[in-house]
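As a plain string of letters, each chain reads:
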Amino acid sequence: MATTALLVDGLNVRFGSFQAIDDLSLAIDYGEVRAVIGPNGAGKTTLLDVISGITRPKQGRVIFDGVLDITHRSESAIARAGIRRKFQKPSVFEGLSVRQHIAIGIDVGFRSRLDEAALEDRIGQVLETVGLEREGERLAGELSHGQKQWLEIGMVLASDPKVLMLDEPVAGLTDEETERTAALVRSLVRPDRAIVVVEHDMDFVERIADRVTVLHEGRTLFEGSMDRVRADAAVVEVYLGR
Ligand code: ADP
């Protein structure tokens, strides 16, 4: 196995005349939780969009697992390769049960290797991991905002991803829900998985991240531990100090 899960190399993304990502290179290793932070418009969402195959870069590459160039692959091919993303806004199916959601999250290739009992086991494991084991039969529409976020994390976990991308997982959550989400994210760390989190809540970032990449105007302004990020004058100036 490669040590680098995702290598972003010389990435450029333009929207018309606007340079959203500007010659960005970064490496995210297996076994780490990497937070990507920075002011609005810094390019965080665009970076996740390129990695997940939604946005095509003008230049540059994204290499998965050391060898696989995923830059111009389709969204579904990238997901099948093991790169999964939870989007910012919870978008559960209000009329489906919690268990049904997890079943949907298990991709077809993975599911074809499971018989009925193994599928039920897998759903049960995922629900336990995200703390929804008692909610399996409930309709998703009845869940709290925090529970909906955990359900969506469960959906992306269901196929055992190699790269898990979480877009603002604690936006709008209570302090207690945020605390539970931090514990959940840390419980998902494995030597053969990389976790990438975009988030504005710096206390949460400090709890979960091994390393932090600060983006500003489509470039890396700083990379390091949260302690060093907080102490960096340029980061304070463009982001933390405001
Ligand atoms: P962040 O997630 O850090 O807030 P984004 O990646 O969403 O930043 O956006 C970076 C910049 O690119 C923003 O100024 C945004 O308005 C612009 N942008 C993003 N997507 C598009 C698009 N599809 N068309 C035009 N401009 C876009």
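Here the residue numbering is sequential within each chain, running from 1 through the sequence in written order. Since the coordinates come from a predicted model, pLDDT governs what is reported: local features require at least 70, and pairs of side-chain atoms require 80 or more to be given and counted, while whole-chain, interface and lining totals use all residues.

Participant: Which parts of the structure should I look at to understand the overall build of the protein?
Facilitator: Broken down by element type, the protein carries 10 helices and 10 strands. For the radius of gyration, the atoms used are the C-alpha atoms, and the globule rule reads 2.2 Å times the number of residues raised to 0.38. In terms of overall dimensions, the protein is globule-like: its C-alpha atoms have a radius of gyration of 18 Å, near the 18 Å expected for 242 residues. Taken along the three principal axes of its C-alpha coordinates, the protein extends 50 × 40 × 35 Å. Any residue with 12 or fewer other C-beta atoms within 10 Å of its own C-beta is exposed, any with 20 or more is buried, and the rest are partly exposed; the C-beta atoms used are placed from the backbone. For the protein, the residues scored as buried account for 40% of the 242 residues in total. Strands are runs of DSSP state E lasting at least 2 residues, helices are runs of H or I lasting at least 4, and numbering of each runs from the N terminus.

Participant: Can you walk me through the site of the ligand in this structure?
Facilitator: A residue counts as near a molecule or strand when its C-beta atom, positioned from the backbone, falls within 6 Å of it. In the vicinity of the ligand, the contacting residues are F15, F18, A20, G38, N40, G41, A42, G43, K44, T45 and T46. Every element with two or more residues in the shell around the ligand is listed here: β2 (18–29) and α1 (44–51). When its residues are assigned to classes, the shell around the ligand shows 4 nonpolar, 6 polar and 1 charged. The residue classification treats Ala, Val, Leu, Ile, Met, Phe, Trp, Tyr, Cys and Pro as nonpolar and Asp, Glu, Lys and Arg as charged. All others, Gly included, are polar.

Participant: What exactly am I supposed to notice about helix α5 (residues 116–129) here?
Facilitator: One full turn of an α-helix is made of 3.6 residues, so residues set three or four places apart face in the same direction. A helix is expected to span 1.5 Å multiplied by its residue count minus one. When the terminal C-alpha atoms of α5 are compared, their 20 Å separation across 14 residues agrees well with the 20 Å that a helix rising 1.5 Å per residue should span. When α5 is considered as a whole, its buried residues turn out to be I123, V126 and L127. Projected onto a plane normal to the axis of α5, the buried residues spread over an arc of 100° and lie on a single side. Exposed and oriented more than 90 degrees from the buried face of α5 are A117, A118 and D121. In this structure, the buried side of α5 is in contact with α3 (98–105) and α6 (145–157). Downstream of α5 by one or two residues, G131 has phi in the positive range, about 75°. The arc in question is the one traced by the directions running from the helix axis out to the C-beta atoms. Any residue pair is listed as a contact if its two C-beta atoms, each placed from the backbone, are within 7 Å.

Participant: Help me understand the domain arrangement of the protein, please; the structure alone is not making it clear to me.
Facilitator: Interface size is commonly expressed as the accessible surface area that is lost when the partners come together. Domain start and end points were adopted from an automatic or database domain assignment. By the assigned domains, the protein splits into domain 1 (1–82 + 161–241) and domain 2 (91–160). For domain 1 and domain 2, the distance between their C-alpha centres works out to 25 Å. Mapped onto the side of domain 1 that touches domain 2, the elements with two or more residues apiece are β7 (163–167) and α7 (175–187). The dominant element in the side of domain 1 that touches domain 2, judged by the number of residues it contributes, is α7, at 5 residues. In terms of residue class, the side of domain 1 that touches domain 2 is built from 7 nonpolar, 4 polar and 3 charged.

Participant: I keep staring at the sheet that holds strand β6 (residues 83–86) and nothing clicks. Help me out?
Facilitator: Spatially, the 6 strands line up as an open sheet ordered β6-β7-β8-β3-β9-β10, and their pairing is mixed. Looking along the sheet, the strands with just one partner apiece sit at the ends: β6 and β10 (219–224). Within this sheet the neighbouring strands show an average axis-to-axis angle of 20°, counted without direction. Inspection of the sheet shows strand β3 (residues 33–37) paired to strand β9 (residues 211–216) by 4 bridges, in the parallel sense. Its bridge partner being in β9, R34 is matched across the sheet by R211. Whether two strands pair comes down to DSSP finding at least two bridges between them. Convention adopted: a line fitted to C-alpha atoms gives each axis, helices being fitted over their contacting stretch, and angles between N-to-C directions are expressed from 0 to 180 degrees.

Participant: Would you explain the environment of D175 in this entry?
Facilitator: Looking at the element boundaries, D175 is found in helix α7. For D175, a count of 9 C-beta atoms within 10 Å translates into the label exposed. Along the backbone, D175 and F204 are 29 residues apart, and their C-alpha atoms lie at a distance of 9.8 Å.

Participant: How should the pairing of strand β8 (residues 194–198) be read in this particular structure?
Facilitator: Along any regular strand the residues' side chains alternate between the sheet's two faces. Of all 5 residues making up β8, 5 are buried, and the element is well covered by its neighbours. Residues A194, V196 and V198 point to one face of β8 and I195 and V197 to the other, with burial holding for every one of them. Of the strand pairs in this sheet, β7 and β8 are connected by 5 bridges, and their pairing is parallel. Looking across to β8, one finds that V163 is bridged to A194. For the handedness criterion, the strands are oriented away from the viewer, and a crossover whose path from the first strand over the helix to the second runs clockwise is classed as right-handed. In this fold, the crossover linking β7 to β8 by way of α7 has right-handed handedness.

Participant: Before we go on, may I ask you to explain the nonpolar core in this structure?
Facilitator: In globular proteins that are soluble, nonpolar side chains generally tend to be buried together. In terms of nonpolar packing, the biggest core is built from 63 residues, with L6, V197 and V214 touching the most fellow members. Counting residues domain by domain, this core receives three or more from each of domain 1 (1–82 + 161–241) and domain 2 (91–160). Not counting chain neighbours up to four residues away, the residues in contact with V197 comprise V33, A35, L166, P169, V185, I208 and A209. In this usage, the nonpolar core is the set of buried Ala, Val, Leu, Ile, Met, Phe, Trp, Tyr and Cys residues whose C-beta atoms join them within 7 Å.

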